[in-house]
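A closer look at the structure
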Amino acid sequence: MNQEYEPEATRRDASDAESSRASRGWWDRHADEYQSEHGAFLGDDRFVWGPEGLDEAEAGLLGPAAELKGKRILEIGAGAAQCSRWLAAQGARPVALDLSHRQLQHALRIGAGAAGEPGLVEADAGALPFRDGAFDLACSAYGAIPFVAEPVRVLREVRRVLRPGGRFVFSVTHPVRWAFPDEPGPEGLSVAASYFDRTPYVEQDESGRAVYVEHHRTVGDRVRDVVAGGFRLVDLVEPEWPEWNAQEWGGWSPLRGNLIPGTAIFVCEAP
């Protein structure tokens, strides 16, 4: 692709294969920039559920931190494995999985020489390379789920590798945000599109090939996906914007965060 070409933003259908290919390429190209821009906020060994800054140490969505010791935990869309590193510090046995080779290289960079580093696996969330019932818990902070065309396929794979009674917690952009422009200022406070339009957001190159894809699901869609994936939804968390957080992150900001939700966290359990 011509490096001078600015990808065209559009709304169009994108298959699971095209979405996966685009995500791998985008994160490999932008991992350095992402870690440079957001690394300080994410920390090296902190478990943050989204731009609001809700910390797992405070939220306990996977369960009390004291009860994580010895648990086998799969992190999906792990990036540089910051969340997995926090889990390891609690005595858990995490595996950090990501589609992007470059993101996992950052995980190796951050953890170089450290004891107790999480295992790293490069794989697609829709085809997990693990045996049935291999994990006690699974988690995903803005990883995989928003970027796949077939989220039920991912959920079923996660269900397969979890033991009965295991918990899967994942966060995504709050579905209501899709009706608003992705802007942190006042221009991002007026409805500009239909909340019910599920057409994916696609950035494509000059040949029409997708280089970034994000899929929209309504709240009801997400709930039905969870059930179709074999889980029981036990909680839906919508973090409020905290007073201490003054940063902007893309379309997330204190202005918008104090008025409309930015993140939805689905807490699911396997029967």
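Each remark here, short or long, concerns the structure printed above.
Residues numbered from 1 in each chain as written. Predicted model: local features only at pLDDT ≥ 70, side-chain atom pairs only at ≥ 80, totals over all residues. Heavy atoms only, no water.

Here we come to unusual backbone geometry. Working note: non-glycine residues mostly have negative phi, and peptide bonds are mostly trans. Even without being glycine, Ala81 reaches a positive phi, approximately 65°. Within the secondary structure, Ala81 sits in the loop between strand 2 (72-76) and helix 3 (82-89). Positive phi, normally seen in glycine, also occurs at Tyr142, with a value near 60°. Checked against the element boundaries, Tyr142 lands in the loop between strand 5 (135-141) and helix 5 (151-161). (Helix = DSSP H or I, 4+ residues; strand = E, 2+ residues; numbered from the N terminus.)

One can find Ala149 in the loop between strand 5 and helix 5. Looking at Ala149, the relative accessible area reads 29%, which means it is partly exposed. For the pair Ala149 and Arg12, spaced 137 residues apart in sequence, the C-alpha to C-alpha distance is 12 Å. In this structure Ala149 touches Ala14, Ser15, Asp16, Ser19 and His215, once residues within four positions along its chain are discounted. (Buried < 20%, exposed > 50% of the residue type's maximum accessible area, 1.4 Å probe, protein only. Contact = heavy atoms within 4.5 Å.)

Regarding helix 5, the residues found buried are Pro151, Val152, Val154, Leu155, Glu157, Val158 and Val161. Turning to helix 5, the residues buried within the fold contact strand 2, strand 5, strand 6 (162-173) and helix 6 (219-228).

On to the state of the cysteines, then. Applying the stated criterion across every chain yields a total of zero disulfides. Cys139 supplies the cysteine sulfur nearest to Cys83, a cysteine that is in no disulfide, at a spacing of 6.3 Å. Overall, Cys83 belongs to the buried group, its relative accessible area being 8%. The thiol sulfur of Cys268 is not disulfide-bonded, and the nearest other cysteine sulfur, from Cys139, lies at 12 Å. Owing to a relative accessible area of 0%, Cys268 belongs among the buried residues under this scheme. (Disulfide = S-S within 2.5 Å.)

For the rest of this paragraph, the subject is the sheet that holds strand 7 (residues 201-204). One open sheet holds the three strands; their spatial order is 1-7-8, and the pairing between them is antiparallel. The sheet terminates laterally at strand 1 (8-11) and strand 8 (210-214), the two strands that pair on one side only. Sheet twist, expressed as the mean angle between neighbouring strand axes with direction ignored, is 20°. Pairing geometry for strand 1 and strand 7, over four bridges, is antiparallel. Considered in strand 7, the bridge of Glu8 is made with Gln204. Along the sheet face, helix 1 (residues 16-42) touches strand 7 and strand 8 and points at about 105° away from the line of strand 8. (Pairing = 2+ DSSP bridges. Axes fitted to C-alpha atoms, helices over the stretch in contact; angles between N-to-C directions.)

This next bit is on the packing of helix 1 against helix 4 (residues 101-111). At their nearest, the axes of helix 1 and helix 4 sit 7 Å apart, and the two run at 35° to each other. Mapping the contact onto sequence places Trp27, Asp28, Ala31, Asp32, Tyr34 and Gln35 in helix 1 and His101, Arg102, Gln103, His106 and Arg109 in helix 4. By residue class, the composition of the contact of helix 1 with helix 4 is three nonpolar, four polar and four charged. (Nonpolar A, V, L, I, M, F, W, Y, C, P; charged D, E, K, R; others polar.)

What follows deals with the environment of His215. Inspection of the secondary structure assignment puts His215 in the loop between strand 8 and helix 6. Beyond its immediate chain neighbours, meaning those up to four positions away, His215 contacts Ala14, Ser19, Pro146, Phe147, Val148, Ala149, Trp178, Pro200 and Arg222. Engagement of the side chain of His215 in a polar contact is seen with the side chain of Ser19, the distance being 2.8 Å. (Polar contact = N/O pair within 3.5 Å; in protein donor to acceptor, adjacent residues only side chain to side chain.)

Because each turn of an α-helix spans 3.6 residues, side chains separated by three or four positions end up pointing in the same direction. Among all positions of helix 6, only Asp221, Arg222, Asp225 and Val226 are buried. Relative to the axis of helix 6, the buried residues are bounded by an arc of 140° and lie together on one face. Across helix 6 from its buried face, at more than 90 degrees, point the exposed residues Arg224 and Val227. Looking at the buried positions of helix 6, the neighbouring elements they touch are helix 5, strand 6, strand 9 (232-237) and strand 10 (263-269). Looking one or two places after helix 6, you find Gly230, whose phi comes out positive at around 100°. (Arc of directions from axis to C-beta.)

Ordered in space as 4-3-2-5-6-10-9, the seven strands form an open sheet in which the pairing is mixed. Taken across any chain shown, the strands that pair with only one partner, and hence form the sheet edges, are strand 4 (119-122) and strand 9. Each strand of the sheet is rotated relative to its neighbour by a mean of 20°, with strand direction disregarded. Pairing geometry for strand 2 and strand 5, over three bridges, is parallel. Residue pairing for strand 5: Ile73 is matched across the bridge by Leu137.

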